[in-house]
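Residues per chain are reported as follows:
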Amino acid sequence: MIRSPRFVLPLLFTLGCAHGPAGVPTPELAASTAPDPADLQAVRELLASQVAAWNRGDLEGYMAGYWRSPQLTFFAGGAVTTGWDETLARYRRRYQGEGKAMGTLTFENLQLEPLGNQAALARGRWVLSFTPPAPLATGAAPAAPSKPAAGLFTVLLRRQPEGWRIVHDHSCSD
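Considering the packing of aromatic side chains
Next, step 1: Counted according to the given criterion, the structure contains nine aromatic pairs.
Next, step 2: With a centroid separation of 4.9 Å and 75° between ring planes, the pair formed by W54 and Y95 is classed as edge-to-face. Residue W54 is located in helix 3 (residues 37–55), and its partner Y95 is located in helix 5 (residues 84–95); the two are separated by 41 residues in the primary sequence.
Next, step 3: With relative accessibility at 3%, the residue W54 sits in the buried group.
Next, step 4: Centre to centre, the rings of Y91 and Y95 are 6.2 Å apart; their planes meet at 35°, and the pair counts as tilted. In this pair, Y91 and Y95 are both assigned in helix 5, four residues apart and thus about one turn of the helix distant.
Next, step 5: You can call Y91 buried: its relative accessible area is 6%.
Next, step 6: Among the aromatic residues, those joined into a cluster by ring pairs are W54, Y62, Y66, F74, Y91 and Y95.

How each quantity is defined
- Residues numbered from 1 in each chain as written.
- Predicted model: local features only at pLDDT ≥ 70, side-chain atom pairs only at ≥ 80, totals over all residues.
- Heavy atoms only, no water.
- Phe/Tyr/Trp six-rings, centres within 6.5 Å; stacked < 30°, edge-to-face > 60°.
- Helix = DSSP H or I, 4+ residues; strand = E, 2+ residues; numbered from the N terminus.
- Buried < 20%, exposed > 50% of the residue type's maximum accessible area, 1.4 Å probe, protein only.

Dropping the structure here:
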């Protein structure tokens, strides 16, 4: 029969106490993962660059904010899209296909939450506004403006060698 050494329980107790209660970071851990304001600014700038790219009709520029990896995940409309190329193809089908319009994108109520110094969570509301088509030369009345499309989003960003990138996007529409 093998006996446990007498020091195992005190050692486990000491190790457990050294890390503080579960879910509560020790001061050393909190200091090492404190967010750098420059990181949050970089995330804001990334999201702003995505909006600017979208509004000029540049889907590849918009997708530059995403991690260019087959492991990128995008959840929307009850479906899961995996991979950067697949996500770009999804955007193209939905917003650049025959008879489709990209609209003008804005992000509202943007909230950023650092998750250490290598990750961040961003959430907010996306709104796509569409301008009506120009009136026909026949003198017909112009089309009424269409109702904006809108919804909520949560994105997980990670620091990559090329900068902050979205690694997971979960978006829903109203």
